[in-house]
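Working through the structure, step by step
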Amino acid sequence: MSPLIRLTLLCLYVSLTVPLPFLAQVTNAPVPPMLLWLGIGIGAIALYGALSERVILDEQAIGVTYPRWVPSFFRKGWSLPWSEVQDLKCRTTGQGGLVYYFVSKSGKGYLLPMRVVGFARMVKQVEAKTGIDTTNIRPLAQPWMYLILLAVTLILLLIDAWTILTAVNQY
């Protein structure tokens, strides 16, 4: 996973959730702030686990792995030998983007990792190992999109700091 994407999504998570316990305390919300903090912590661990994806490319296979502490029911890794890759199929997402799936000889689909550092280099390796034309394959989102999201998220974090200070001073 690209560090830019990981940082952006973690900062966005923090900016969207951290003010909630402070606001719950000030507004006497029915949900206790400690329960919100617990949920935020569990959510942060789950998000970090999901963002800990590693892509492994070697002479024999391509694969996706996660750290051992990520439960297999939460995120499953996979490995596909190059000799088993039959095709690379394009699919449209619900938001109108394009994702690609490796299709194995058995017909099973494996999502091509799209948010990795060196995506173009990875795609060239896929082409070299499989012989499948990858000239039209582009990442789901360009790095500049994540830079804009990170900038907006940092502004949101400043607004969050003001909101938290205001909430603490009113309590």
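Notes on the structure in this doc start here. The shown structure was predicted, so the numbers you read here are calculated from the model rather than taken from an experiment.

**A few points about the sheet that holds strand 3 (residues 78-81)**
With antiparallel pairing, the three strands of this open sheet are ordered in space as 1-2-3. Two strands lie at the open edges of the sheet, namely strand 1 (54-57) and strand 3, each paired on one side alone. This sheet shows a mean twist of 10 degrees between the axes of neighbouring strands, independent of strand direction. In terms of strand pairing, strand 2 (residues 61-65) meets strand 3 through four bridges, oriented antiparallel. Opposite Val64, over in strand 3, you have Trp78 as the bridge partner.

**Details of the packing of helix 1 (residues 3-17) against helix 2 (residues 19-26)**
For any two helices packed against each other, one specifies the inter-axial angle together with the distance between the axes. Across the interface, helix 1 lies against helix 2 with an axial gap of 5 Å and an inter-helix angle of 0 degrees. Viewed along their axes, helix 1 and helix 2 adopt a mutual orientation that is roughly parallel. Across the interface between the two elements, Val14, Ser15, Leu16 and Thr17 from helix 1 touch Pro19, Leu20 and Pro21 from helix 2. Partitioned by chemical class, the residues of the contact of helix 1 with helix 2 number five nonpolar, two polar and no charged.

**Regarding helix 4 (residues 119-130)**
With twelve residues, helix 4 ought to run about 16 Å at 1.5 Å a step, and its terminal C-alpha atoms sit 16 Å apart, in line with that. Buried within helix 4 we find Phe119, Met122, Val123 and Val126. All buried residues of helix 4 lie within an arc of 100 degrees about the axis, which places them on one face of the element. Exposed side of helix 4, more than 90 degrees from the buried face: Ala120, Arg121, Lys124 and Ala128 are the residues found there. The inward-facing, buried residues of helix 4 abut strand 1, strand 2 and strand 5 (98-104). Just beyond helix 4, the residue with positive phi is Gly131, at close to 80 degrees.

What counts, and where the lines are drawn
- By convention here, each chain's residues receive numbers from 1 onward along its written sequence.
- The model is predicted, so local features are restricted to residues of pLDDT at least 70 and side-chain atom pairs to those at 80 or more, both for listing and for counting; the totals for chains, interfaces and linings are taken over all residues.
- Where side-chain values are given, they derive from all heavy atoms of the structure, hydrogens and water being excluded.
- Pairing between strands is defined by DSSP: at least two bridges between them are needed.
- Each helix corresponds to a stretch of at least 4 residues labelled H or I by DSSP, and each strand to a stretch of at least 2 residues labelled E; elements are numbered beginning at the N terminus.
- Note on geometry: axes are lines fitted to C-alpha atoms, helical ones only across the stretch in contact, with angles between N-to-C directions running from 0 to 180 degrees.
- The scheme is simple: roughly parallel for angles under 35 degrees, roughly antiparallel for over 145, roughly perpendicular for 65 to 115, oblique for anything else.
- Contacts: residue pairs with any heavy atoms within 4.5 Å of one another.
- Each residue is assigned to one class: nonpolar for Ala, Val, Leu, Ile, Met, Phe, Trp, Tyr, Cys and Pro, charged for Asp, Glu, Lys and Arg, and polar for all the others, Gly among them.
- Expected span of a helix: the number of residues minus one, times 1.5 Å.
- A simple rule labels every residue: compare its accessible area, found with a 1.4 Å probe on the protein chains alone, to the largest value its type can have, and call it buried under 20%, exposed over 50%, or partly exposed in between.
- The arc in question is formed by the directions pointing from the helix axis toward the C-beta atoms.

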